[in-house]
Structure formats: C-alpha cells, structure tokens
Amino acid sequence: MKIMLSFLLFAGALHIDANKLNKEKWPVLVLATVGTFISTFLVSVMAYYLFILFGLQVPYIYCLLFGGLISPTDPIAVMGILKRAGIPKSLELKIAGESLFNDGVGVVIFLTIMEVAVNGMDKFSVTGTAILFLKEAGGGLIFGGLLGYVAYLLIRSIDNYRVEVLITLTVVMCGYAVADHFHLSAPLAIIVAGIILGTKGKAEGLSEISRDYLGKFWDLIDEIFNAILFLLIGLEMLVIKMDSTIMLIGCVMIVLVLLVRYLSITIPVLFLRLWIKFEKNATLILTWGGLRGGISVALALSLPQNMHHDEFVLITYIIVVFSIVVQGLTIGKVAERAAV
C-alpha cells in the first residue's frame, strides 16, 4: 500500500494525455466516481449474502472493504491490452481514464471504510465520513497538481535524462509520503502528478532522448512491481489455508463481480447518453475491459488478519487471475464481435 501502489499508479498516469482526456472528462469522471461507489455497494451486499448462503458469518463492514478493493480496475493491465484490441481511440481513452481514476477513488473508499472498521461502527458518522472522504480526495487532487507542476518546472530547467528520472522517482516516493502524512489521498495525488508530467513534461520539458528513457524506465518499474505483487500473493498461497468453500465462493464471485461491473457502467452511461454520444456497444466493452490486477492484490494483501485476510486474498486472487487470463485474452475478440 505504501510502496508499490504509488509506483504502479504513476506508471499508468504517465501514459495519459491530459489534452485528450479532457475530451472524455465527463464519462471518465462519472464512471470513476459514481460507478465505483455503485460497484463497491453492490459487491459488498452480494458478498455478504453469498457468505451467509455458504454458512459463513462475515461482518458486513468487511464485505464493504472487499467491495472497495475489488471495484477498481487496473490501468496497467487495461492499457497494455487495449493497444492491441483495435477499439476506437475515444473508447480506449474512456476505459484507460476511468480505470486510472477509479483506482484513486477506490483506494480512498477502501481507506475510509478501513478507518470505520478499525474505530468501530459506534463511532461512525455519515457527515464525518463524508467530510473525511472529501478532504482526502480533494486535498489529494490539489496537492498532486502542485506536485506535478513543480516537478515539471524542475524538469524543464535541465536536460539530463538521469536527473529527470530521479526527479520522477522523488515525486513518487516523497509525494506519496507527504500526502499520506497529512492524510490526503496519496494515490490521487500521484495520479494527477503523473498526468501533468506525462502531458506537459513530455511535450515541453523533455528532449526526445529523455522521453524515451523515462518511458522505458517506468515501463520496467511497472513490470517489476507487478511481478513482485504476484510473487507475494503466490507466497501467500503457501501459508493461507486452502479452503474449498472459499474457492467456490471465489468462482461464484467472478460472475457476480462481472454482473456488478455491468450494472455500475450501465447506470451512469444511461444518464450520460442524454448529452454525450457513446460508441456502439460501449457498455459491453467497458464491462469486459475492466480488468482487475495489481491494485486489487495490493489492497487485499494490506488487510489485517482479523478482517478475514486469508479469505479475501484467496477470493481476490481467483478473480484477478480470471480477469487477466480470460478477459485479457478475449477483449480483442469481444471488441471485434461487438463491431465497435
């Protein structure tokens, strides 16, 4: 949560062009916020009753945590596959932008619910929780904007790819630590800073050589950290008690999470269609292209043992593997058949 997440988010944000993203800002904003809230709530309700159906008692607040960690889609997995899927650029940008920002929103939701779970429901307040969420999210966006612009000014003043790479590393490591210290949303701050550097930094502050080195460096960092995440969850499998019931619940949750993803996309899109044109079969592609990956794994691994850590890690692992292997390998064919 405090190390790998910042690197993964920054690596994804660097690939987003703010000028192009601005054209799709409303679909991205609504899907990343309203869609993530809908998904978190529906997944938590379904998980709660599914556990009861299998004779297990898991407090609803922990199911809500699971809803928060499984709702964000992974921008790295998504963008890597979309490049080869052959879908329209506008739809590709919607998926990539929504995937990137719902990570930040999802992490804020997850941490907010975690605070409630740790402090207890007797101290829960709707107003207090809403203020906490707005402070973390809004503060993170503002801090990320300042961080990204300062880094852009520094990069623009020099022409040395080694120093420029070090500046981006400083942004990620120090920026995340400072935001976390002041209880701002560090993930959202890193995303905004990454988009600013990926847009203004690449266009105005970096030479061709620097752009090439910076891109390759962060692509490598992304590959390494994703590999470490899956290695960690592989090692977790050695110490987690493999339970056939939990594995069966995980397999059922694959279908339920996909259904919730469809609903959380369909509801906002029906509203947005009143004034925004969407591509043909956009809902289907947004649903099947919403891959789960390293972010969900990182959040699941951060759960304390007393919050049903082993069960949720195993369920998350099953969903993520299905998402990457099945959805990832078939998104191109789905896009072709949908004739987008």
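Residues numbered from 1 in each chain as written. Predicted model: local features only at pLDDT ≥ 70, side-chain atom pairs only at ≥ 80, totals over all residues. Heavy atoms only, no water.

Asker: Got a minute to help me understand the overall build of the chain in this structure?
Answerer: When you go through the chain residue by residue, the secondary structure sums to 14 helices and 0 strands. Counted from the first residue to the last, the chain has its helices and strands arranged as α-α-α-α-α-α-α-α-α-α-α-α-α-α. Taking 2.2 N^0.38 as the reference for a compact globule, 340 residues should give roughly 20 Å; the C-alpha atoms of the chain span a radius of gyration of 19 Å, in line with that estimate. Within the span of the chain, comprising 340 residues, buried residues form 55% of the whole. (Helix = DSSP H or I, 4+ residues; strand = E, 2+ residues; numbered from the N terminus. Rg over C-alpha atoms; globule rule 2.2 N^0.38 Å. Buried < 20%, exposed > 50% of the residue type's maximum accessible area, 1.4 Å probe, protein only.)

Asker: Help me understand a nonpolar patch on the surface in this model?
Answerer: Where nonpolar side chains cluster on the molecular surface, the patch consists of L220, I224, I228, L231, L232, L235, L238 and V239 and spans about 760 Å² of accessible area. Residue placement: V239 occurs in helix α10 (residues 208-239). Using a relative accessible area of 67% as the deciding quantity, one classes V239 as exposed. (Patch = residues over 30% accessible without salt bridge, like charges linked within 9 Å, V, L, I, M, F, W, Y side chains within 5 Å. Areas by Shrake-Rupley, 256 points an atom, 1.4 Å probe, with all protein chains shown as cover. Salt bridge = Lys/Arg side-chain N within 4 Å of Asp/Glu carboxyl O.)

Asker: Help me out: how do you make sense of the pattern of salt bridges in this one?
Answerer: Pairing of side chains with opposite charge becomes possible as their charged atoms draw close. Taken as a whole and judged by the stated rule, the model has 5 salt bridges. The partner of E98 in a salt bridge is R261, and the shortest N-O contact between them spans 3.0 Å. Within this pair, whereas E98 is found in helix α6 (residues 89-119), its partner R261 is found in helix α11 (residues 244-272), the two being separated by 163 residues in sequence.

Asker: Whenever I open this one, the packing of aromatic side chains confuses me. Can you help?
Answerer: Centre distance and the angle of the planes are the two values used to describe a pair of aromatic rings. With the rule as written, the count across this model stands at 11 aromatic pairs. The interplanar angle of 90° and the centroid separation of 5.8 Å between the aromatic rings of Y48 and Y60 together place this pair among those described as edge-to-face. On the criterion of sequence distance, the pair formed by Y48 in helix α3 (residues 25-53) and Y60 in helix α4 (residues 60-70) is long-range, its members being 12 residues apart. Look at Y60 and you get partly exposed, because its relative accessible area is 30%. (Phe/Tyr/Trp six-rings, centres within 6.5 Å; stacked < 30°, edge-to-face > 60°.)

Asker: Please explain the packing of α3 against α6 as it appears in this structure.
Answerer: Describing two packed helices takes the angle between their axes plus the distance from one axis to the other. Contact pair α3 / α6: the axes reach a minimum separation of 8 Å and the direction vectors enclose 45°. In terms of their interaxial angle, α3 and α6 are classed as oblique. Of the two elements, α3 crosses α6, and the hand of that crossing is right-handed. Contact with α3, carried on its side by P27, V28, L31, A32, T33, T36, F37 and T40, involves L93, K94, G97, E98, F101, N102, V105, G106, I109 and I113 of α6 and no other residues of that element. Considering only residue class, the contact of α3 with α6 consists of 10 nonpolar, 6 polar and 2 charged. (Axes fitted to C-alpha atoms, helices over the stretch in contact; angles between N-to-C directions. Parallel < 35°, antiparallel > 145°, perpendicular 65-115°, else oblique. Left-handed = near helix turned anticlockwise from the far one by under 90°. Contact = heavy atoms within 4.5 Å. Nonpolar A, V, L, I, M, F, W, Y, C, P; charged D, E, K, R; others polar.)

Asker: What exactly am I supposed to notice about the side chain of R292 here?
Answerer: Tracing the chain through its elements places R292 in the loop between α12 (282-288) and α13 (294-301). Of the side chains bearing the opposite charge, E98 lies closest to the buried R292, which forms no salt bridge; the N-O distance is 7.9 Å. In terms of polar contacts, R292 uses its side chain to reach the backbone carbonyl oxygen of I70, at 2.7 Å. Every residue in contact with R292, bar those within four places of it in the chain, is listed here: S39, I70, S71, P72, T73, D74, V257, R261, V320, S323 and I324. (Lys, Arg positive; Asp, Glu negative; His and termini not counted. Polar contact = N/O pair within 3.5 Å; in protein donor to acceptor, adjacent residues only side chain to side chain.)

Asker: What's the story with the side chain of T266 in this structure? I'm lost.
Answerer: By secondary structure assignment, the location of T266 is in helix α11. On the accessibility criterion, T266 (17% relative accessible area) is buried.

Asker: Mind showing me how you'd approach the environment of G104 here?
Answerer: For G104, the location among the structural elements is in helix α6. Separated by 71 residues in the primary sequence, G104 and T33 have C-alpha atoms spaced 9.6 Å apart. When neighbours within four sequence positions are excluded, G104 is seen to be in contact with S185, P187, L188 and I191.

Asker: I'm lost on α6 in this one. Help?
Answerer: Residues separated by three or four positions in an α-helix point in the same direction, a consequence of the helix having 3.6 residues per turn. Taking 1.5 Å of rise per residue, 31 residues should cover 45 Å, and α6 covers 45 Å from first to last C-alpha, within 8% of that figure. In terms of burial, α6 is largely enclosed, as 25 of its 31 residues are buried. After α6 finishes, the residue G120 shows a positive phi value of roughly 100°. (Expected span 1.5 Å × (residues − 1).)

Asker: What am I meant to see in the nonpolar core here?
Answerer: Inside soluble globular proteins, nonpolar side chains tend to come together where they are buried. Counting 90 residues, the largest nonpolar core has F51, L65, F66, W218 and M253 as its most contacted members. With 12 residues, α6 is the single largest residue contributor to this core. In contact with W218, not counting residues within four places along its chain, are F7, F10, A11, L14, T168, L169 and V172. L31, L272, F278 and A335 belong to the second largest nonpolar core, which has 19 residues in total. (Core = buried A, V, L, I, M, F, W, Y, C linked by side-chain atoms within 4.5 Å.)

What is shown is where atoms sit, not what they do.
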